[in-house]
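Analysis of the macromolecular model
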Amino acid sequence: MEAPAPHSPAESPLPGVTAEFTVTSPEQMQELGRRLAKLLRAGDLVVLNGELGAGKTTLTRGLGEGLGVRGAVTSPTFVIARVHPSLVDGAPLVHVDAYRLGGGLDEMEDLDLDVSLPDSVVVVEWGEGKVEELTDDRLHVVIHRAVGDTTDEVRHVTLTGIGHRWATVDLAVLSA
């Protein structure tokens, strides 16, 4: 992975701290997830966005490994949400796929994410515009990839920490 390019909040499209990475393989995406897990704690909301096949679930698989949770982290597209309890006395991982949910927080309320959030790390794939009202503090992760008929595995990952929780977190440590 290339070293991140931290930006000040004024340069970011969303108020917060931003870091950018280039990932060239699924293994690197999973490793980025493992490293990111070291920065996460109970109460954190991670909002993942990117095209189909961008690597959202691969990143989340790495998060699960880094958090030491039980069960294989796979796409919850058809079940909407999966809870992976911690095997190491840490926070459980709540993995949500909001792709099939059209509405905003109203549809998400049935999942009781507001109840799970304080004690869990909640990761929501396709969550942009759907879960921001859960908390003022969240981490937005956008994964860009080439679209169309391509075998290019290069991904550009942008992490933006929003709110007080992320104001002092050094996202640059993820490149170490």
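Okay, so let's go over this structure.

Some details on helix α2 (residues 56-67)
In this model α2 runs 16 Å from its N-terminal to its C-terminal C-alpha over 12 residues, within 8% of the 16 Å that 1.5 Å per residue would give. Counting buried residues along α2, nine of its 12 residues qualify, which places the element largely inside the surrounding structure. Residues K56, T57, T58, L59, T60, G62, L63, G64 and L67 constitute the buried set of α2. The secondary structure elements touched by the buried residues of α2 are α1 (26-37), β2 (45-50), β4 (93-97), β5 (121-125) and β6 (138-145). Positive phi shows up at G68, right after α2, with a value of about 70 degrees.

Things to note about unusual backbone geometry
Positive phi, normally seen in glycine, also occurs at D89, with a value near 65 degrees. With respect to the helices and strands, D89 occurs in the loop between β3 (81-84) and β4. Looking at D89, the relative accessible area reads 83%, which means it is exposed. The phi dihedral of W126 is positive, around 60 degrees, even though this residue is not glycine. Assignment of secondary structure puts W126 in the loop between β5 and β6.

As for the packing of aromatic side chains
Tallied over the full model, the rule gives zero aromatic pairs. Across from the ring centre of W166, 4.2 Å away, lies the NZ or CZ of R165, which sits over that ring.

As for the side chain of H140
For H140, the location among the structural elements is in strand β6. A distance of 3.1 Å separates polar atoms of two side chains, one belonging to H140 and the other to R138.

Thresholds applied
- Residues numbered from 1 in each chain as written.
- Predicted model: local features only at pLDDT ≥ 70, side-chain atom pairs only at ≥ 80, totals over all residues.
- Heavy atoms only, no water.
- Helix = DSSP H or I, 4+ residues; strand = E, 2+ residues; numbered from the N terminus.
- Expected span 1.5 Å × (residues − 1).
- Buried < 20%, exposed > 50% of the residue type's maximum accessible area, 1.4 Å probe, protein only.
- Contact = heavy atoms within 4.5 Å.
- Phe/Tyr/Trp six-rings, centres within 6.5 Å; stacked < 30°, edge-to-face > 60°.
- Lys NZ or Arg CZ within 6 Å of the ring centre and 35° of its normal.
- Polar contact = N/O pair within 3.5 Å; in protein donor to acceptor, adjacent residues only side chain to side chain.

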